[in-house]
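As a plain string of letters, each chain reads:
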Amino acid sequence: MLLLLIFFKAVDTAALCTLYTCIASEMAADGGSSSLGLPCVFSPKSRQYLALCAQDGRLRIWNTDSKTLHQEYVPSAHLSATCTCIAWGPCRTVKEGPQRKKRKSEAGQPEERADLLAMGTAAGSVLIYSTAKGALHCTLDGGHSGGVNSVQWHPEDSLLYSGSADTHIIEWDLQTGKTRCKWKADRAAVTSLCVSPDGKLLLSAGHIIKMWDLETKEIYRKFTGHSTAVRTLRFATTRPPDSNGLYFLSGAEHDRLLSVWQVREDGNDKNSVVSFTLTDEPQHIDLSTSTSKEEAVRLAVVCKDGQLHLFEHFLNGPCKKPLSPSCSVQMAGTQDSPVPVPLLAAALGTDTGTVLLAYGNHLQPVMERVEINTAERHICLTRDVQTTLSLSMETAVSKVKTPIVNAKSRVLVPGLPGHQAPIKGTSQGSEKRKKGTDTKEMSIEERLGEIDLSTVSSVKGAPKGTPSLQTDNFAVLLVQGLESSDAGILNKVFQTRKDAVIKKTVSRLPLPAVLPLVEEVRARLYFGVAVLMVRWLKAVLMHHTSYLSSLPDLVTQLGVLYHMIESRVRMFHKLTKLHGKLYLLMTQVATSDSSNTVTDVDHTAKLVYEEGKWSPSFLWRCCGWPCSTRPPLERRHFDAVTICNLKKKKKYTYQNSEASAPPPIAVPAR
């Protein structure tokens, strides 16, 4: 599937390469903010796992301690019913198969860890995945008629809440897997949900934020103030609502403010009490809740532009001015021209200055614990993402079993050491090998003696031969350049623009040279030479797809390449809109310039009147003047009448003169 996606992206990119070469230098590992907006959540408490869903619909769970891929799950409808939201369930005690009975001295507190993970889909179903089993736990379907926008767990009971685009909220019973309660929450779609820490209140939001009593399923409070759909809801304190100490925060689409609301006992809570300023729409939020007024709320917000903002504030009443972040963190590459690396998620550590970061792309995120000095307002971290990317599946969890092979046996598999694809040599003559001839291997001296460098035989009637050393063959040059890493040879081969030559060259390559060719093409695509490299990539995928699909580390080799092409194709839609606007503007400017140019007026007389030869009444009829506008003939004398453009504008000029008559002028025949 990954090969097919890269193939279609390469075909689309071939038509866009000339447009992309005009853009700025290469973006970060995943093309800036292209990978942002996808579900990405750390596990609660220990932050041991990072769960995320990429563009291909797969659920990947990464171990933040070992920085390796822990589990991977592909839903059956991952392309048609993509994952829209994910949420970790409360930590619980997990039994991992049959174990021996422990002694009383060994018995202790059972370890609690994150196990269940809820995934909302665009088809309206909710999938419950178990990390302990490494498989799907159950499927909750039949409740929503629209896509699920948010899922939230009850902190104590085995209940799950889901909000959908069908304007309804459903309370699911996980023990039975059926709907426990369903009610309409809003006129518009429900975009976000949040359950209070004590499990008694539920926040839901579309454009209006509503607080529900979970026992009676009735509205407790309403909060208005956002003009767009609310995407983020989080409780900031654990205090009861009747003490005027319950606070929660909200963030909306295209809004650069994070609003904090206070639930007051008297009901006077129409406006937000505190606002945090951001650089873009909030994408991922992690906070440490406050239990009293003397304890500050720590907040880590990852925005859509890939920046991290840290806040620390005491929630004890309204604040008039918006609060700026105490520290802002950015990530950049180590290239000569620094390229921003997007941050995907952040989690606050137990220490004040420790933050767990996830950055890069969703296929291969990089996780790192960083000590941040909050005394500095702006911090920029430089990392080499290309060398850090690694994909390794844990053997204890992987379902792919490697067969045990005897040490004396030899396995010939494409891509493994010891395998060499047969290369057909050129024929030296038209004589066929006879049966029964000796097949003894020739020595090097005998081989060199039989080499014929001449392309045409000097003897008449002799069969034409082909050169044994084909140094002008692109396939031979390409293999030599890849083996020796000679930039001169590779540049000479890659400069060709003929599709037929490229296809024949790639088809003649031996299999061991296919993977180095893909690496070279990826490197040249990354540094901006995309016009010619896309043709080579398309030819490789057309001729050697079966070989590439047999490689065990296919995702490692082609993952970065897929994300690079994905980021460029995604930018094409915006560039097309910009091109259309610029074309419309230029055509309007050209039209206005052409309309302002004045053409020369034709001063040639179309008809000349000479007194005495034409009657005045005929002249008036030719001019088309009404009788009421005719001047009295006894008071005016016409020296000349010039009629210009009779059929179009009918311009007529006359002169009133009492001087002598002009000289006679020739008049055309009537």
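See above for the structure.
Just so you know, these numbers come straight off a predicted model, no measurement behind them.

Asks: Any details on the environment of His-144? Residues and values, ideally.
Replies: Considering the arrangement of structural elements, one finds His-144 in the loop between strand E10 (135–140) and strand E11 (148–153). The buried category is assigned to His-144, whose relative accessible area is 8%. For the pair His-144 and Ile-169, spaced 25 residues apart in the sequence, the C-alpha separation amounts to 8.7 Å. Residues within four places of His-144 in sequence aside, it is in contact with Gly-124, Ser-162, Ser-164, Asp-166, His-168, Ile-170 and Trp-172. Within polar-contact distance, the side chain of His-144 engages the side chain of Ser-162 at 2.7 Å. Looking at His-144, its side chain comes within polar contact range of the side chain of Asp-166, at 3.4 Å.

Asks: Which residues make up helix H9 (residues 530–543), and what values go with them?
Replies: Look at H9: 20 Å from first C-alpha to last across 14 residues, which is about the 20 Å you get at 1.5 Å a residue. Buried residues of H9: Ala-530, Leu-532, Met-533, Val-534, Trp-536, Leu-537, Ala-539, Val-540 and Leu-541, and no others.

Asks: Which residues make up the pattern of salt bridges, and what values do they have?
Replies: Pairs may arise between side chains of opposite charge once their charged atoms sit close together. Scanning the model with the defined rule gives 9 salt bridges in all. Linking Arg-58 and Glu-72 is a salt bridge whose minimum nitrogen-to-oxygen distance equals 3.3 Å. Here Arg-58 is found in the loop between strand E2 (49–53) and strand E3 (59–63), whereas its partner Glu-72 is found in strand E4 (residues 68–73), with 14 residues between them in sequence. In this structure, the salt-bridge partner of Glu-368 is Arg-383, at a minimum N-O distance of 2.9 Å. With Glu-368 in strand E29 (residues 365–371) and Arg-383 in the loop between strand E30 (378–382) and helix H3 (385–388), this residue pair connects regions lying 15 residues apart in the sequence. We classify Arg-383 as partly exposed; its relative accessible area is 21%.

Asks: Any chance you could break down the sheet that holds strand E12 (residues 159–164) for me, citing the residues and the numbers?
Replies: If you walk across this open sheet you meet the 4 strands as E11-E12-E13-E14, and the pairing is antiparallel. Edge positions in the sheet fall to E11 and strand E14 (178–184), since each of these pairs with one other strand and no more. If you compare each strand with its neighbour and ignore which way they point, the axes differ by 20 degrees on average. Here E11 pairs with E12 via 5 bridges, running antiparallel.

Asks: Kindly report on the nonpolar core, identifying the contributing residues and their values.
Replies: The biggest cluster of nonpolar side chains holds 36 residues, and the ones touching the most others in it are Leu-478, Leu-517, Leu-525, Trp-536 and Leu-548. Per-element accounting of this core gives the leading share, 9 residues, to H9. Within the second largest apolar cluster, 20 residues are counted, among which are Val-341, Ala-346, Leu-348 and Val-366.

Asks: Describe the environment of Gly-124, with residues and values.
Replies: The residue Gly-124 is located in the loop between strand E8 (116–121) and strand E9 (126–130) in this model. In this structure the C-alpha to C-alpha distance between Gly-124 and Val-148, which are 24 residues apart in sequence, comes to 5.3 Å. Beyond its immediate chain neighbours, meaning those up to four positions away, Gly-124 contacts His-144, Gly-146, Gly-147 and Val-148.

Scoring rules and cut-offs
- Residue numbering note: each chain is counted from 1, following its sequence as written.
- In keeping with the model being predicted, local features are shown solely for residues with a pLDDT of at least 70 and side-chain atom pairs are shown and tallied solely at 80 or more, while totals for entire chains, interfaces and linings include all residues.
- Hydrogens and water are ignored here; the side-chain numbers use all heavy atoms of the structure.
- Secondary structure elements are taken from DSSP: a helix is a run of H or I of four residues or more, a strand is a run of E of two residues or more, and numbering for both begins at the N terminus.
- Each residue's exposure class comes from its accessible area (1.4 Å probe, protein chains only) as a fraction of the maximum for that residue type: buried when under 20%, exposed when over 50%, partly exposed otherwise.
- Between two residues, a contact is recorded if the distance between any of their heavy atoms is within 4.5 Å.
- In protein, a polar contact requires one atom able to donate a hydrogen and another able to accept it; more generally it is a pair of N or O atoms within 3.5 Å, and residues adjacent in sequence count only if both atoms are side-chain atoms.
- Multiplying 1.5 Å by the helix residue count minus one yields the expected span of that helix.
- Any carboxyl oxygen of Asp or Glu that lies within 4 Å of a side-chain nitrogen of Lys or Arg is treated as forming a salt bridge with it.
- Here, any two strands with at least 2 DSSP bridges between them count as paired.
- Where helices are involved, their axes are fitted lines through C-alpha atoms of the stretch in contact, as for all axes, and angles between N-to-C directions lie from 0 to 180°.
- Each nonpolar core is a collection of buried residues, namely Ala, Val, Leu, Ile, Met, Phe, Trp, Tyr and Cys, held together in the definition by side-chain atoms within 4.5 Å.

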